[in-house]
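Understanding the architecture of this molecule
Here is what each chain is made of, one letter per residue.
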Amino acid sequence: MKKLLSLLAVAAVTVSLFGIDIFNYVTINGDVKNYTQTDFDIASKFGNYYRTPSTKYVSTLNNSGKVVEVTELSARDAIINKTNNKYDVYGNLTEQACYDADSKLLWKTIITYNNGQKVDSSEYGKDGSLKAKTIFTYTDGKLTDETGYDGDGALIWKIIYTYNDKGKQEIVYEYNSDGSLDNKNSYTYTDDGKIDSITSYDTFTNLTTQKIFRYAANGTLSEITTYNQNKQVTNRIVLKYDAGGNVTKLSEYNIADKFGTTVNELIAMSEYSYQ
């Protein structure tokens with residue numbers, strides 16, 4: 001769904017080249033104070049792949065493992081912007097503020113809670129005016145409705161969540177402002193509760209894709225494989241880890257039939273380091 005910046009603003013971690021936040025699926029192990037994500041541009045020359053650093057994100061964690069600051073840097077380590085996160089005594093994210101390289105405010109998001117449940121998220125521009133607002137609704141303690149409005153209160157989008165008999169998210173319906181379905185995501189899980197697959201239907205393209213999550217013998221996520229509606233592999237995201245069990249590299253490949261064979265084309269890469 002084509003949402004406003006407010007949805008990006010409430011994320012407590014860095015963005016990803018891969019359309020997913022990998023830290024939704026893997027944990028950070030050990031006494032990590034900060035970690036750096038380096039994204040690379042990939043180019044192919046004379047049949048060989050070359051990578052060039054494009055952007056860095058340095059995330060600083062507090063003693064509870066929450067991200068309190070994210071600094072976006074250029075390939076030459078020049079600051080592009082910096083986002084500061086604030087939390088309440090229960091560890092809930094209550095405020096995010098993004099500043100440019102000159103420490104001038106770009107936007108701020110305020111999040112409120114009631115009995116530990118997120119009630120609303122309001123995004124303000126650099127001039128202090130309300131730009132967007134998201135309201136959250138719950139049923140039996142579960143988030144069931146997420147509705148986004150612009151600064152004038154006009155409906156922009158709506159997300160409806162359903163859950164399986166074990167209380168895990170099962171289907172997510174994303175709607176446009178006119179009530180039409182934008183896309184639908186269905187989730188399945190392994191016996192030990194890990195994400196097993198996400199099946200997505202996009203009404204714009206009328207296509208269905210499925211992401212299969214694959215795990216190594218030690219239980220760590222090793223690959224996310226995407227299939228098209230004809231059950232053909234179209235994309236692979238491969239994860240590598242260090243000895244401490246922290247992810248160190250994500251490599252994304254497009255899969256295509258070329259020259260009479262199946263070709264894995266490297267299209268994106270991110271590396272992670274920890275301190």
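Structure: see above.
Here is a short report on the structure shown in this document. None of the values given here were measured: they were computed from a predicted structure.

**With respect to the overall build of the protein**
Across its full length, the protein carries one helix and 18 strands. The C-alpha atoms of the protein give 20 Å as radius of gyration, which agrees with the globular expectation for 275 residues (19 Å, within 12%). Counting only C-alpha atoms and orienting by the principal axes, one finds that the protein spans roughly 55 × 45 × 35 Å. Every one of the 275 residues in the protein was classed for burial, and the buried ones make up 33%. Sequence separation of at least 24 residues holds for 25% of the intrachain contacts in the protein that already meet a minimum separation of 6.

**What to know about the layout of surface pockets**
If you add up the space inside the second largest pocket, you get close to 200 Å³. As for the second largest pocket, its lining consists of Tyr25, Val26, Thr27, Asn29, Lys194, Ile195, Tyr215, Gly219, Thr220, Leu221, Tyr241 and Gly245. In the lining of the second largest pocket, the residues fall into six nonpolar, five polar and one charged.

**So, the nonpolar core**
Judged by nonpolar contacts, the single largest core of 28 residues is most densely connected at Ile22, Phe23, Leu239, Val247 and Tyr272. Mapped by element, the contributors of at least two residues to this core are strand 2 (48–61), strand 3 (67–74), strand 10 (155–163), strand 13 (195–202), strand 15 (221–227), strand 16 (233–241), strand 17 (247–258) and strand 18 (261–274). With three residues, the top contributor of residues to this core is strand 10. Excluding anything up to four places from it in sequence, Leu239 contacts Ile22, Val26, Leu221, Ser222, Glu223, Val247, Lys249 and Leu250.

**Comments concerning the environment of Thr83**
Relative to the helices and strands, Thr83 is located in strand 4 (residues 79–87). With relative accessibility at 11%, the residue Thr83 sits in the buried group. Sequence-wise, Thr83 and Ala97 are 14 residues apart; in three dimensions their C-alpha atoms are separated by 5.5 Å. When neighbours within four sequence positions are excluded, Thr83 is seen to be in contact with Val68, Glu69, Val70, Gln96, Ala97, Cys98 and Trp107.

**A closer look at the pairing of strand 12 (residues 181–189)**
Alignment of strand 11 (residues 169–176) against strand 12, held across five bridges, turns out to be antiparallel. Looking across to strand 12, one finds that Tyr175 is bridged to Leu181. The antiparallel pairing of strand 11 with strand 12 creates a hairpin that spans four residues between the two strands, and Gly179 there sits at a positive phi of about 90 degrees. Two elements, strand 12 and strand 13, share seven bridges in a ladder whose sense is antiparallel. Paired with Asn185 across the bridge in strand 13 is Ser200. Linking two consecutive strands that pair antiparallel, namely strand 12 and strand 13, is a turn of five residues; a positive phi of about 90 degrees is found at Gly193 within it.

**As for the pattern of salt bridges**
Applying the stated criterion across every chain yields a total of eleven salt bridges. For Asp77, the salt bridge goes to Lys56, with nearest N and O atoms at 3.0 Å. Placement of Asp77 in the loop between strand 3 and strand 4 and of Lys56 in strand 2 is noted, with a sequence separation of 21 residues between them. Lys158 is the partner of Asp145 in a salt bridge, and the nearest nitrogen-oxygen pair spans 3.0 Å.

**A look at unusual backbone geometry**
In this structure, Ser103 is a non-glycine residue whose phi angle is positive, near 65 degrees. Positive phi outside glycine occurs at Asn206, with the angle close to 60 degrees.

**Digging into the pairing of strand 15**
Each regular strand displays side chains that alternate between the two surfaces of the sheet. Burial within strand 15 is extensive, with six of its seven residues counted as buried. Taken together, the six bridges between strand 14 (residues 207–215) and strand 15 define a ladder with antiparallel strand orientation. Counted as the bridge partner of Gln210 is Tyr227 from strand 15. Counting the residues between successive antiparallel strands, the hairpin from strand 14 to strand 15 contains five residues, one of them, Gly219, with a positive phi of roughly 90 degrees. Pairing between strand 15 and strand 16: five bridges, direction antiparallel.

**Overview of the packing of aromatic side chains**
Summed over all chains, the structure comprises five aromatic pairs. A ring pair is formed by Phe23 and Tyr35, whose centres lie 5.0 Å apart and whose planes are at 50 degrees; its orientation type is tilted. One end of the pair, Phe23, is in the loop between helix 1 (5–9) and strand 1 (34–45); the other, Tyr35, is in strand 1, and twelve residues separate them in sequence. The exposure classification of Phe23 matches that of Tyr35, with both residues buried. Ring geometry for Tyr173 versus Tyr175: centroids 6.4 Å apart, planes at 25 degrees, classification stacked. A relative accessible area of 22% places Tyr173 in the partly exposed class.

The rules behind these values
Residues numbered from 1 in each chain as written. Predicted model: local features only at pLDDT ≥ 70, side-chain atom pairs only at ≥ 80, totals over all residues. Heavy atoms only, no water. Helix = DSSP H or I, 4+ residues; strand = E, 2+ residues; numbered from the N terminus. Rg over C-alpha atoms; globule rule 2.2 N^0.38 Å. Buried < 20%, exposed > 50% of the residue type's maximum accessible area, 1.4 Å probe, protein only. Contact = heavy atoms within 4.5 Å. 1 Å grid on protein atoms, 1.4 Å probe; cavity = no way out; pocket = protein on both sides within 12 Å on 5 of 7 lines; lining within 4 Å. Points joined across faces, edges and corners; volume = space filled by probe spheres on them. Nonpolar A, V, L, I, M, F, W, Y, C, P; charged D, E, K, R; others polar. Core = buried A, V, L, I, M, F, W, Y, C linked by side-chain atoms within 4.5 Å. Pairing = 2+ DSSP bridges. Salt bridge = Lys/Arg side-chain N within 4 Å of Asp/Glu carboxyl O. Phe/Tyr/Trp six-rings, centres within 6.5 Å; stacked < 30°, edge-to-face > 60°.

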